[in-house]
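Listed below, chain by chain, are the residues.
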Amino acid sequence: MSASRFTFNVSWSLSLFNVKRETIVFMGTATQKKGTRATLLIRGARLFDPARGLDRHGDVLIEKGRISSLAPAGKGSAAGQVIEAGGMLLLPGFVDLHTHLRTPGREDEEDIASGTAAAAAGGYASICAMANTDPVVDNAAVLSSLIEAAEAEAFVRVAFLGAISRRLEGIHLSDMWDMAAAGAVAFSDDGRPVSDGGLLRSAFQAAKLVGLPLCLHCEDSDLAGQGVMNEGEVSARLGLAGIPATAETAALARDLEIAAYEGGRVHIAHLSCARSLELLEAARRAGAEVTCEATPHHLLLTENDVAGDLDASFKMSPPLRTESDRRALVEALAAGAINCIATDHAPHAVQEKETPFEEAPFGVVGLETAFPVLYSGLAETGEAPLEKLVLAMSTSPARAIGLPEPKIAVGEEANLCLVDIKEEFEIDPESFRSKSRNTPFAGRRVKGRVVLTVSGGRVAHNVI
Amino acid sequence: MNRHLLSINDLSRADIDSVLATARKDFLELSQRDIKKVPTLRGRTIIDLFYEKSTRTSTSFELAGKRLSADVINVKSGYSAAGKGESLKDTVLTLNAYRPDIIVIRHPHVGAAAFISRFTRAHVISAGDGKGEHPTQCLLDIFSLTQAYGSLDGLKVAIVGDILHSRVARSNLLGFQKMGMEVTLIAPPALLPRGVEALGADVSHSLADLANVDVIYLLRLQKERHQGANFMPSLREYIDRYCVGRRHVRPGQRVLHPGPINRGVEIESGLADSEENMILEQVEAGLAVRMALLYRIIVDNAVPAATSELKDEKSQAANERFTFHV
């Protein structure tokens, strides 16, 4: 048994005996090796880490990839490179629970290098890659080769989810235990729902043995039918087939019931409507521990944004809903009921999106725009506090999936990002590090550019 | 008039009146002559790009262009490079290289006409985009009704049948209301789009409400779009409740249908052959109205190049990449 296999098995067997994953060295994910462990001083930043109650101006010294001291502003000593932050916001590095890296299979849309470069440019120190690739990540061999590739190619830490079902067909379970041993952080058939309730129950039972959560894409495919956007007044006007909110809520209600019955760990992906929040609230009242996420686009856009010129960059699953749904999501974020923001970064080739709306595939990119659009659209406008945004983008998702928590604290590995919240800029898809351009936020004037990202103690992005 | 006709909402009421007046004054009578041709659009090029089967609309557009002396090219998807995997964008860029004045497009997807307007300087006219809209059908229906009733203000119309799948219903709902008409939609619940009440129509599930209207507008049951779905318990039961016959029509009421008709499904054979229906008048009107539209869209937009700026940046970018004429 090789050394690296051994470390994977340690991680697996510890979780098997219910050891808290946070307490062990995290071996399952690919830790990027690009760049050297940084020694640098970030001087004069606003240090903002709400999970630690930290909000003050100061200097952060990073030595050999670890935070070695937090000093009052101007007091930090310069051992190596100095970054003058000039009051910019220093945040714990973001964690994305929902990235489609498109590798293997569609490297023309995204590969590990471009996807993680995009992540770094968006302030993400860690991302979780979904399993709906070609081939599907449904066995340890595929997973291990991805972990190995990410160690060589990634700019930020990449954690991988394994599929729930073989080839995402929803019939047989994937090799869940082997994948857990090889380092999978969770299981998901995302892109598709698990339609068979019996299979979902089996998946919860299998996941329990290895202590990993299921990340569920809740959708009743029959109710969604051939729909391409939210069903309602706008779809009636346009003549487009609708996806009713019921397609999400009916599946969510069932999935929550099965999770509760099995006592399984569950994370609900991309909530899109108000009624889902009521179901979640009821499940939590009954004692279920459920984490969940909303995407930047569902927090900021509505079905009315589709109507303009039917740009396929506004087509995603679940679809953009009504303004009252959007407001409910934002209120839930502000109240903490939605504890994670995830991008559902879904790159698509230009030619696939440059078609009439109905023909185009679902999905939008999000890694490089998430913080600026949310900061400008929610925090600056007062719709949701900055504190909640930061928690939902860094601390909470790390906890939800058991990744090491990014902390601005002495002794911690440096996972952080520096954000300029003063200068306004326009979102320009041509400037993306991602290989794809399918963003609904093109041309939007925003603040909150990420100028520096440190992941795993290494500088992953620096445009200061 | 706008550069393009993609939705009936691209036309103001004044635009509609202008097209109808042109059709009535200049073109309706032309079909009665021995020589049915005028030189109005000589030297102009019109491309009819059809990705769906069509008899009425395609022949009507082709004949309209030819009677105006334009050079008309018909491109049908079965015979074009689209069958070789060419994208809609590339097909349009290719056709655009011939510098057409007008591209008429029929496509199975909503928004296709608007989509191609980004890649050409030609005027784009939608001849039907999936379940989206069919603005020229709406124009000819308004024309037919005007011929029969005069002013349409306050006129009550019921649109009956498979509204969910009908681009005609969508354009007519908007267009009829623009002309001051009151619209009632009659269909079983599953054949009505969710949220359609917000577009200003009354909704009913019963043919009994035909008694309250002046005009009955029937729609074909689009069985080809019903595959695998259960929009009704059975076709027999649908026919029993929603097939309109002469007994439903009271004196003075006129019946319209955009065609093609399915006898015995949404319209009884007796009604299809009776004096009460205006189906063939609609077809005749279609020719005159489309001639008027082709003429007006060119004449009304014939302004100096400097002022005919494209609206969106994407078109401008396309304009810079290619040399267009106006």
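Residues numbered from 1 in each chain as written. Chains lettered and ligands numbered in written order. Predicted model: local features only at pLDDT ≥ 70, side-chain atom pairs only at ≥ 80, totals over all residues.

Draft legend 1. Representation of the sheet that holds strand β6 (residues 182-186) of chain B. All names here are of chain B. Taken together, the 5 strands give an open sheet; going across it, the order is β7-β6-β5-β8-β9, and neighbouring strands pair in parallel fashion. The open sheet is flanked by β7 (202-204) and β9 (254-256), the only strands paired with a single partner. With strand direction ignored, the average angle separating the axes of adjacent strands in the sheet is 25°. Bridge count between strand β5 (residues 156-160) and β6: 5 bridges; the pairing is parallel. Following the sheet pairing, Ala158 is matched in β6 by Thr184. (Pairing = 2+ DSSP bridges. Helix = DSSP H or I, 4+ residues; strand = E, 2+ residues; numbered from the N terminus. Axes fitted to C-alpha atoms, helices over the stretch in contact; angles between N-to-C directions.)

Draft legend 2. Local environment of the sheet that holds strand β2 (residues 71-76) of chain B. Residues and elements named next belong to chain B. Strand order in the open sheet made by the 4 strands is β2-β1-β3-β4, with parallel pairing throughout. Two strands bound the open sheet, and with one partner strand each, they are β2 and β4 (123-129). Strand-to-strand twist of the sheet, defined as the mean angle between neighbouring strand axes without regard to direction, takes the value 15°. Here strand β1 (residues 45-50) runs beside strand β3 (residues 102-107); their pairing, made up of 5 bridges, is parallel. Paired with Leu49 across the strands is Ile105, a residue of β3. Sheet contacts for helix α9 (residues 279-299): β1, β3 and β4; angle to β4, the most-contacted strand, approximately 145°. (Contact = placed C-beta atoms within 7 Å.)

Draft legend 3. Up close: the domain arrangement of chain B. Residue and element names in this part refer to chain B. Segmenting chain B into domains produces domain 1 (8-134 + 283-321) and domain 2 (135-280). Between the C-alpha centres of domain 1 and domain 2 the distance comes to 26 Å. Counting from both sides, the interface comprises 25 residues of domain 1 and, opposite them, 22 residues of domain 2. Listing elements by their share of the side of domain 1 that touches domain 2, those giving two or more residues are α1 (13-27), β4 and α9. Per element, the largest residue contribution to the side of domain 1 that touches domain 2 is 7 residues, and it comes from α9. (Domains from an automatic or database assignment.)

Draft legend 4. The arrangement of the interface of chain B and chain A in detail. In this assembly, 21 residues from chain B lie in contact with 19 residues from chain A. Those elements giving two or more residues to the side of chain B that touches chain A turn out to be α3 (88-96), α4 (112-116) and α6 (167-178) of chain B. In terms of residue class, the side of chain B that touches chain A is built from 9 nonpolar, 6 polar and 6 charged. (Nonpolar A, V, L, I, M, F, W, Y, C, P; charged D, E, K, R; others polar.)

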